[in-house]
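Summary of structural features
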Amino acid sequence: MVPAPKVRSGQTVGIPSGFPCLLLLAMVLAANVASAAIVERVPRVLILYPLDERTPAPVIVGESARNRLLEVTTGKIDLFSEFLDLTRFSDKIHIDRMARYLAAKYVDYRPDVVIAIAEPAANFIVAHRSTIAPNARIVFSGFGSDTAARMKLPSDVVGAFTEFDIAKTLQMARSLQPSARHLFIVGGSSEFDRSWLALARKELALLVKSYETTYLTDLTIDEFVERVARLPSESIVLFLTVSKDSTGRDLIPRDALERIAATASAPIYGPFSTYVGHGIVGGNTVTFESAGLAVADLTADAIGGKVIANVDVPQTYVADARQLKHWDLSESRLPPGTVQSFKEKTLWEEHQRLIIAILVVLALQGLVIGGLLVERRRRHGAEQEARRRLLEVVHLNQSATAGALSASIAHELNQPLGAIRANAEAAEVMIRGKTPDLKLIQQILCDIRDDDQRAEDIIVRLRGLLKKRSEIDWQEFDLKDVIKSSIQILHAEAGRRNITISFSQPVAQLPVRADQVHVQQVILNLATNAMDAMLDAVSTERRLVFQTTLTEGSEVELSISDTGRGIPSGQLARVFDAFYTTKATGTGLGLSIARTIIETYGGKIWADNRADGGAVFRFVLPLAQRG
Amino acid sequence: MGPIVHIVDDDKSFRIAVGRLLEASGFRVISYESGDDILTRLTGSEPGCILLDLQMPGLSGSELQGCLAQKAPLLPIVFLTGQAEIEDSVRAMKAGAEDFLEKHASNKALLGAIERALLQYEKRRTQQDHVHSLHALVAALTPREYQVFDRIVRGKRNKQIAYDLSTSERTVKAHRHSVMEKLGVGSLAEAVSIAERLGLVDPAA
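Predicted, not measured: the structure shown is a model, and the values here were computed from it.

**Observations concerning the UniProt feature "transmembrane region" (unreviewed entry) in chain A**
UniProt marks residues 354-374 of chain A with the feature "transmembrane region" (unreviewed entry), using the numbering shown here. Regarding residues 354-374 of chain A, the helix share stands at 100% and the strand share at 0%, and the terminal C-alpha atoms are separated by 29 Å.

**A word on unusual backbone geometry**
All names here are of chain A. Even without a glycine there, the phi angle at threonine 74 is positive, about 45 degrees. Tracing the backbone through its elements, the reader meets threonine 74 in the loop between α2 (56-72) and β2 (78-83). The phi torsion at aspartate 218 lies on the positive side, around 50 degrees, for a residue other than glycine. Mapped onto the elements of the fold, aspartate 218 is located in the loop between β7 (212-216) and α8 (221-229). The exposure class of aspartate 218 is partly exposed, given its relative accessible area of 41%.

**Topic: the packing of helix α13 (residues 352-404) of chain A against helix α17 (residues 516-533) of chain A**
Residues and elements named next belong to chain A. Running from amino to carboxyl end, α13 crosses α17 at an angle of 50 degrees, the nearest separation of the two axes being 10 Å. Classified by the angle their axes make, α13 and α17 are oblique. Here the hand of the crossing between α13 and α17 comes out left-handed. Contacts between α13 and α17 involve Leu391, Val394, Asn397, Gln398 and Thr401 from the first element and Val517, His518, Gln521, Leu524 and Asn525 from the second. Residues of the contact of α13 with α17, tallied by class, amount to 4 nonpolar, 6 polar and no charged.

**Some thoughts on the packing of aromatic side chains**
Residue and element names in this part refer to chain A. Under the counting rule described, the total for this entry stands at 13 aromatic pairs over all chains. Taking the centre distance of 5.4 Å and the plane angle of 80 degrees together, the rings of phenylalanine 80 and tyrosine 106 count as edge-to-face. Note that phenylalanine 80 is positioned in strand β2 and tyrosine 106 in the loop between α3 (92-105) and β3 (113-117), a separation of 26 residues in sequence. Comparing phenylalanine 80 with tyrosine 106, the two get one shared label, buried. Look at phenylalanine 239 and tyrosine 275: their rings are 5.4 Å apart centre to centre, the planes differ by 75 degrees, and that puts the pair in the edge-to-face class. Of this pair, phenylalanine 239 sits in strand β8 (residues 235-239) while tyrosine 275 sits in the loop between β9 (268-269) and β10 (280-285), and the two are 36 residues apart along the sequence. Among the aromatic residues, those joined into a cluster by ring pairs are Trp196, Phe239, Phe272, Tyr275 and Phe288. The ring of tyrosine 215 carries the charged tip of arginine 201 above its face, separated from the ring centre by 4.0 Å.

**Here we look at the environment of Phe79(B)**
All names here are of chain B. Following the sequence through the fold, phenylalanine 79 ends up in strand β4 (residues 77-81). Assessed through its relative accessible area of 0%, phenylalanine 79 is described here as buried. In sequence terms phenylalanine 79 and alanine 97 are 18 residues apart; their C-alpha atoms lie 7.2 Å from each other.

**Some thoughts on the nonpolar core**
All names here are of chain A. Of all hydrophobic cores here, the largest spans 81 residues; its most connected members are Ile115, Leu204 and Ile268. Per-element accounting of this core gives the leading share, 8 residues, to helix α10 (residues 288-303). The residues touching isoleucine 268, leaving out its near neighbours within four places in the chain, are Val228, Val237, Phe239, Leu257, Ile260, Ala261, Gly279, Ile280, Val281 and Gly282. Val394, Phe503, Ile605 and Leu621 belong to the second largest nonpolar core, which has 54 residues in total.

**Describing empty space enclosed by the protein**
Throughout the structure, instances matching the rule amount to 4 cavities of 30 Å³ or more. Put simply, the largest cavity is a space of about 60 Å³. Contributing to the lining of the largest cavity are 13 residues, with Phe14(B), Val18(B), Lys103(B), Ala105(B) and Leu110(B) lying nearest its centre. Counting only elements with at least two residues in the lining of the largest cavity, the list comes to α14 (406-432) of chain A together with α1 (12-24) and α5 (107-139) of chain B. In terms of residue class, the lining of the largest cavity is built from 7 nonpolar, 3 polar and 3 charged.

**Section: the sheet that holds strand β15 (residues 500-503) of chain A**
Residue and element names in this part refer to chain A. Taken in spatial order, the 5 strands line up as β15-β17-β18-β20-β19 in an open sheet, and their pairing is mixed. Among the strands making up the open sheet, the edge pair consists of β15 and β19 (604-609). On average, adjacent strands in this sheet sit at an angle of 15 degrees to one another, irrespective of strand direction. In this sheet, strand β20 (residues 615-622) lies alongside strand β18 (residues 555-561) in antiparallel orientation, the contact comprising 7 bridges. Note on β20: the bridge partner recorded for valine 556 is leucine 621. Where α17 meets the sheet, its contacts fall on β17 (543-551), β18, β19 and β20, and the angle it forms with β20 comes to roughly 170 degrees.

**Some points on α13(A)**
Residue and element names in this part refer to chain A. Helix length check: α13 (53 residues) gives 75 Å between terminal C-alpha atoms against 78 Å at 1.5 Å per residue, within 8%. Among the residues of α13, Ile355, Leu390, Leu391, Val394, His395, Asn397, Gln398, Thr401 and Ala402 are the ones counted as buried. Here the buried face of α13 lies against α12 (347-350), α14, α15 (438-466), α17 and α18 (590-600).

**Some details on the interface of chain A and chain B**
Taken together, the 26 residues of chain A in the interface contact 26 residues of chain B. When the two sides are added together, the surface that chain A and chain B hide from each other amounts to roughly 2100 Å², 50% of it contributed by carbon and sulfur. It is His411(A), Gln415(A) and Arg496(A) in chain A that bury the most area against chain B; as a group they hold 23% of the surface buried on that side. Put simply, chain A and chain B have 2 salt bridges between them. In this structure, Arg454(A) engages Asp11(B) in a salt bridge whose closest nitrogen and oxygen atoms are separated by 2.8 Å. Summed over the shared surface of chain A and chain B, the number is 6 residue pairs in polar contact (both at pLDDT 80 or more).

The rules behind each value
- Residues numbered from 1 in each chain as written.
- Chains lettered and ligands numbered in written order.
- Predicted model: local features only at pLDDT ≥ 70, side-chain atom pairs only at ≥ 80, totals over all residues.
- Heavy atoms only, no water.
- UniProt positions renumbered as here; feature names shortened; annotations may be inferred.
- Helix = DSSP H or I, 4+ residues; strand = E, 2+ residues; numbered from the N terminus.
- Buried < 20%, exposed > 50% of the residue type's maximum accessible area, 1.4 Å probe, protein only.
- Axes fitted to C-alpha atoms, helices over the stretch in contact; angles between N-to-C directions.
- Parallel < 35°, antiparallel > 145°, perpendicular 65-115°, else oblique.
- Left-handed = near helix turned anticlockwise from the far one by under 90°.
- Contact = heavy atoms within 4.5 Å.
- Nonpolar A, V, L, I, M, F, W, Y, C, P; charged D, E, K, R; others polar.
- Phe/Tyr/Trp six-rings, centres within 6.5 Å; stacked < 30°, edge-to-face > 60°.
- Lys NZ or Arg CZ within 6 Å of the ring centre and 35° of its normal.
- Core = buried A, V, L, I, M, F, W, Y, C linked by side-chain atoms within 4.5 Å.
- 1 Å grid on protein atoms, 1.4 Å probe; cavity = no way out; pocket = protein on both sides within 12 Å on 5 of 7 lines; lining within 4 Å.
- Points joined across faces, edges and corners; volume = space filled by probe spheres on them.
- Pairing = 2+ DSSP bridges.
- Expected span 1.5 Å × (residues − 1).
- Buried area = accessible area lost by both parts, 1.4 Å probe.
- Salt bridge = Lys/Arg side-chain N within 4 Å of Asp/Glu carboxyl O.
- Polar contact = N/O pair within 3.5 Å; in protein donor to acceptor, adjacent residues only side chain to side chain.

Here's what the structure looks like:
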């Protein structure tokens, strides 16, 4: 059974005027009784349940009280429970029989405190306290103060009032469904149910004016189910209690609610926390747990000899998160402080700290990674930019070299072209003759082909010097081949200047890994510098010597020595600096670029003066590893 | 026997090709691979010209030009270069080159230059022959007659010459007559001309 309601507006039904005096008296008496009751043994508490063990509300109150008492006494307490089953066995014979039975049962274990849950249990123990628990304090819960007044309880019987407020429940419904037009109030046929209905009519008198209100009463459980399943839209259902239907059939209100809610066409609200989880959206209630806690605290105080007095169990709004979701009602419209049940804990709620920690770590990692990425991108960009610039400068310098050598290159190219022309014209003249020497003409054609090939080879050799490239073309090649190719390019210019070039080819292969054109660029640069340096030298002593050495088997050194005037002492270290030049037309970039190129490929470059005059430039490059 | 074209070029392929062209055009050709080569082998006794590459290892074309002027002054030089620079060509022409061609030059241009060079050779040869005969005439003078010849082409009067040679004016007159007769000239101007041709007097002096 559920507790009897009480009107909270306090105007129509008030607390009797003598009540404060009674309360005072009760407190004085309680103090006296309690001080006499506690002896030097474990205190005994008997919890009386009005119904059987299936009815949730009193059981929750009792269990809550029981747990609290075990907690505050650290287990040093004897707890007894009795289920009086007073609705099914409500005749006086049964009540007397039960009283005698309990009196006999507890003859050697007279309780120090009896906790009576709800009105029937309270009435029972008040009537039979002298036989069952003659010296015990009686505390109760499960009904309101006006019920207590109506019951005319003895002044030493105090309790935790559970005041239910139907209006607040409806307020909650109204807040959640502001556009609702219809209100259906469901009540059963038992006396208890009718008391709740009467209270609702009274308490909701003002509020129902906002709605088209229908009381669904005097129906069978099946009729309840059917009616609630066919409600108009924008309806609110207020479920009070149905402990009997119109056929007189006993029902547990919660079960009745569950059956009706199963097919309901509108949200249902109710004033009991036990309804939560069985079909109501929510309501205003005192929770049975808190009622239990309140009565347990009174009990503990009584055992401890303290003065006890009536208390009110605080009211709370309760709601069922699943129902809110089901009816698509906004959680934000719930009254403040509403306790939600069945709310699926989000991962966030369940592991908030862990998640925060993880997020912080992730955020920090993200920041670090992001920072590193930005940094990397910047650096990458800068490196690419630098490389691009370098390639541009190298290209410019290559072009400059090509320009400086252009006369020689033209000469070089004109050799085969001139030969081709002469051969072709010779053949032409021969063919016009009386007896053309076909064998010779065939040889001429052969030579023409060879010279054409020669011209092409020259162009190929030069192409690298002229072609603009945006990337380094890494490849493995024999340094020897590049030296030879460079000498071929320089050959004409050297001839023009009466410079003898010598290169004794090494037997060993000199595999290096770099951009071939860049290395050729360095060689040409060093060689043209050397040739320029020999302008003043005696014609017969102009010698440009290329020489390669393997150093410690892992590097190859190329030296280019000249017979020029050498490098002024003290300038050896500076010659590779940018814009250092001794030539009137020099840019001072050639050697600086040469150094950059050689260092790019992991090598070194330096200059010396030779003992017998002239300078020698050397660079080393790492040998490519051959698998 | 036709004239000989001497080709000096370090590039064998080009040398052969030009040699073929010139031979097909009716010239005799002798090829040399370097300046040293031609200086060793050239006799210079036959008519012809020299085709000279400007850029060669060893003796360069212009250095060779000087040597050849000594060794074979009659052979005109035509330069053939893979790369013509004004500076080079001016220097070559000043030094007496007959022509200055690029290697890429056409058959016509090349043969034309060679024809002109050979004409030049003929001219030089004729001049040289003439000078030789004049030399022979001059050589036929007695020492006393040469002394008088030397003085009359310098514009000295008989009286002066007599004074210089410590002889009489009459004697000078007799020698002068004899000189004019031996040289086969009728006037002083002709005698001066011979002296100039033989380089005995500076025409500008």
